[in-house]
Amino acid sequence: MRGYFGKKTAIVAALLASTSMAMAEDVEVLHWWTSGGEAAALNVLKDDLAAKTIGWVDMPVAGGGGEAAMTTLRARVTAGDAPTAVQMLGFDILDWAAEGKLANLNTVATEEGWDAVVPAALQAFAKVDGNWVSAPVNVHSTNWVWANKSVLDGLGIAQPTTWEEFVAAMQAVKDSGKTALAHGGQAWQEATMFDGVVLSVGGVEFYKKAFIDLDPAALGSEQMTEAFNRMATLRGFVDDNFSGRDWNLASAMVINNEAAFQIMGDWAKGEFLKAGKVPGTDFLCFRVPGSQGMVAFNSDQFAMFAQAEAGAQTAQGEMARAIMAPSFQSAFNVVKGSVPARTDVPNDAFDDCGKKGMAELAEAASAGTLVGSIAHGHANKAAVKNAIYDVVTAHFNGEYDAATATTNLVSAIEAAQ
Ligand code: GAL
């Protein structure tokens, strides 16, 4: 009898162990969502996975745009210790796939019908050689302006629709003694403003020729010098303490009535919402004047790194399935400031800025005015992106004039290819 029970207990214990391995395996998630709004959105994901008994091991690496996170990731993979899932942008996903480090998500993707609902612009970065390697959680776009409504109303400033009106509005704010443009002096933030500025100067055609095709003539053109001139104009409207400031602290300046405008991707909206602010009442969202009808996008995806253990593979697949569920895409993106990464999610739960973002994304996709963000890794591979960062930030910080910036851009991009 003793032997029987002993054996049975051992079998039950083994069963429990294997079940709990398959059911409650942890996912280790490397990400850079550390601001208040980002953390709130991340909690939506953590809670969703917890309800599915998928454990969460947090690996945050602060720094917008993800440069620091990508450095940490490289070190982890080199040490043979890749995290399960990694927040990743555009060309970085393709690079890791080319290195053969990513898992194959085709089983879940087929079961869930991802091919039919994920926009082609995102599939270009989520699928490699016909295989799904990452799960897109959102679509952000960078050519937005966030404005404090009461500051504008108090000065009698209407929402600007042209670049000239925008400059005049910033001048009026500056004359009033407030900061016109809230900005954090970090290369990726300057590059984020550059996305919208390039579109405002030459539209989608110029943007594509210069930054997607890397055509030297477009890169070295007078239009490019005009883009740098506009960046210098923006530099004239930031406060004295902008150097090194984090983007969410710049958002806080607009939220707290210290500044009128911020040019930033729609993750900034997450900060406004976290502070209890309401679009249309407390703040305005509009496209960088001159870039209306165009969308520079970036999509956060969770690239899944190949795992040896079956339990880890299961958890990874379930995380990908959870991320792509329509109800999750709505709940998460409402908080994050982005819009869903699938075309069939209703817009009911989204505020006015979110509804606008969803409609404009769909319109831009069909009109051919949707372009990958230069600043956020959807126009070029990292080496080229970083070369652009260097020139844009050096010029913004007064190291050289617009004409020299144009010349340097051509040579920096040539050297980076
Ligand atoms: C972007 C990312 C966004 C947001 C932002 C600032 O690269 O796509 O989700 O987190 O950085 O951290």
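Rules and cut-offs
- Residues numbered from 1 in each chain as written.
- Predicted model: local features only at pLDDT ≥ 70, side-chain atom pairs only at ≥ 80, totals over all residues.
- Heavy atoms only, no water.
- Helix = DSSP H or I, 4+ residues; strand = E, 2+ residues; numbered from the N terminus.
- Rg over C-alpha atoms; globule rule 2.2 N^0.38 Å.
- Buried < 20%, exposed > 50% of the residue type's maximum accessible area, 1.4 Å probe, protein only.
- Core = buried A, V, L, I, M, F, W, Y, C linked by side-chain atoms within 4.5 Å.
- Near = heavy atom within 4 Å.
- Polar contact = N/O pair within 3.5 Å; in protein donor to acceptor, adjacent residues only side chain to side chain.
- Areas by Shrake-Rupley, 256 points an atom, 1.4 Å probe, with all protein chains shown as cover.
- Axes fitted to C-alpha atoms, helices over the stretch in contact; angles between N-to-C directions.
- Parallel < 35°, antiparallel > 145°, perpendicular 65-115°, else oblique.
- Left-handed = near helix turned anticlockwise from the far one by under 90°.
- Contact = heavy atoms within 4.5 Å.
- Nonpolar A, V, L, I, M, F, W, Y, C, P; charged D, E, K, R; others polar.
- Disulfide = S-S within 2.5 Å.

**A closer look at the overall build of the protein chain**
Along the protein chain, the regular secondary structure elements total 19 helices and 14 strands. On C-alpha atoms alone, the protein chain measures out to a radius of gyration of 23 Å, which is about the 22 Å that the 2.2 N^0.38 rule sets for 417 residues. For the protein chain, the spread of C-alpha atoms along the principal axes amounts to about 90 × 45 × 40 Å. A burial count over the protein chain gives 54% of its 417 residues as buried.

**Some thoughts on the nonpolar core**
Membership of the largest hydrophobic core comes to 56 residues, with the highest contact counts inside it found for F194, F211, L234 and F261. With 11 residues, the top contributor of residues to this core is helix α10 (residues 187-212). With 43 residues, the next largest nonpolar core counts L49, W56, L105 and L370 among its residues.

**Some points on the site of the ligand**
The local shell around the ligand holds 14 residues, among which E38, N298, D300, K336 and H376 are the closest. At 3.0 Å from an oxygen atom of the ligand is found a side-chain nitrogen or oxygen belonging to W33. Within the contact set of the ligand, an oxygen atom lies 2.8 Å away from a side-chain nitrogen or oxygen of H376. With the chains in place, 100% of the 300 Å² that the ligand exposes on its own is no longer accessible.

**A closer look at the packing of helix α18 (residues 382-396) against helix α19 (residues 402-416)**
For the pair α18 and α19, interaxial distance at closest approach is 9 Å and the crossing angle is 160°. Comparing their axes, α19 and α18 come out roughly antiparallel. Here the hand of the crossing between α18 and α19 comes out right-handed. Taking contact as the criterion, the partners of A383, V384, A387, I388, V391 and H395 in α18 are, on α19, A402, A405, N408, L409, A412, I413 and A416. Considering only residue class, the contact of α18 with α19 consists of 11 nonpolar, two polar and no charged.

**Observations regarding the packing of helix α15 (residues 310-324) against helix α16 (residues 326-336)**
At a minimum axis distance of 5 Å, the contact between α15 and α16 shows a crossing angle of 70°. The pairing of α15 with α16 is recorded here as roughly perpendicular in orientation. From α15, A322, I323 and M324 reach across to α16, where they touch P326, F328 and Q329. Looking at side-chain class alone, the contact of α15 with α16 contains five nonpolar, one polar and no charged residues.

**A few points about the state of the cysteines**
Cysteine pairs can be linked by a disulfide, which is a covalent bond between their two sulfur atoms. Tallying each qualifying case throughout the model produces one disulfide. One disulfide in the model links C285 with C353; its S-S distance is 2.2 Å. Its S-S torsion of about -105° marks the bond between C285 and C353 as left-handed, since a negative value means left-handed. Pair noted here: C285 is in strand β11 (residues 283-287) and C353 is in helix α17 (residues 352-367), with a separation of 68 residues, a long-range link. Accessibility assignment for this pair places C285 and C353 in one class, buried.

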